[in-house]
Amino acid sequence: MNRSSFLRSALVVASCLPALAAAVPTYTAIDLGTLGGMTTGLGINASGQVTGESRQVGGDHAFLYSGGTMTDLGTLGGTSSVGFGINASGQVTGQYTQVGSDRHAFLYSGGTMTDLGTLGGAYSLGHSINAGGQVVGWSHTTDFTERAFLYSGGTMTDLGTLGGVESRATGINSLGQITGFSSTTDASRHAFLYSGSIMTDLGTLGG
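Everything quoted here is computed from the prediction, not taken from an experiment. (Residues numbered from 1 in each chain as written. Predicted model: local features only at pLDDT ≥ 70, side-chain atom pairs only at ≥ 80, totals over all residues. Heavy atoms only, no water.)

1. A look at the environment of Thr170
Within the secondary structure, Thr170 sits in strand 13 (residues 163-172). Taking the relative accessible area as the measure of exposure, Thr170 reaches 27% and is therefore partly exposed. In the structure, Thr170 is positioned 11 residues away from Phe181 in sequence and 8.0 Å away in space, judged by C-alpha atoms. Setting aside residues no more than four positions away along its own chain, Thr170 makes contact with His127, Ser128, Val136, Trp138, Thr179 and Gly180. (Helix = DSSP H or I, 4+ residues; strand = E, 2+ residues; numbered from the N terminus. Buried < 20%, exposed > 50% of the residue type's maximum accessible area, 1.4 Å probe, protein only. Contact = heavy atoms within 4.5 Å.)

If you want it as structure tokens, here you go:
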């Protein structure tokens, strides 16, 4: 390359630098604080409200971080809790440990934590919540089988499986459509879409 060509190339690169610099996003890290010990954020909504768990004396507690303040969501009298999902209204779902070590899903709304119960067993976990306050997750049944559930209007409903034994629900949208995964008749694990009371197998990419 001769000197003239080199200078032209250098000028082209230099002229692109402002555009490249403008395209690089900038971020600010915000320390959410703690309830006394180590803290983990596990869910966030479009308004920047965060939920998760923070360690304190006696056990981890679920929290809601909003407007610069971290609020302890409590435990319903148990030893610990954790928040997994939060919707646009700041409602939180997660799990708390009861006295006696049973673990139940909860819904936190308007300053009150509500036990969502189980599908008959001693264990349930609320994983996601939509704008209408509907919660999905999974729960043990009376025979300790793990099943996906929908909690809506005060009732926890078993969503069934794709022919196998177990299932988990991990996401729900504003229309009440649910996704997650389920075992199948051949003991494989497939993603599903649950809509209109029908669980549809989403298949695989060949595996």
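2. Considering the pattern of salt bridges
Two side chains bearing opposite charge may form a pair once their charged atoms approach each other closely. Under the defined criterion, the tally for this structure stands at three salt bridges. A salt bridge links Arg168 to Glu146, with the shortest nitrogen-to-oxygen separation between them at 2.7 Å. With a gap of 22 residues between them, Arg168 in strand 13 and Glu146 in strand 11 (residues 146-152) connect regions that are remote in the sequence. (Salt bridge = Lys/Arg side-chain N within 4 Å of Asp/Glu carboxyl O.)

3. Focus on the sheet that holds strand 1 (residues 39-44)
Pairing within the open sheet is antiparallel, and its four strands lie in the order 1-2-3-4. With partners counted over all chains shown, the strands left at the sheet margins are strand 1 and strand 4 (69-74), one partner each. Averaged over all pairs of adjacent strands, the angle between strand axes in this sheet comes to 35°, irrespective of strand direction. The sheet contact formed by strand 2 (residues 50-56) and strand 3 (residues 59-66) spans seven bridges and is antiparallel. (Pairing = 2+ DSSP bridges. Axes fitted to C-alpha atoms, helices over the stretch in contact; angles between N-to-C directions.)

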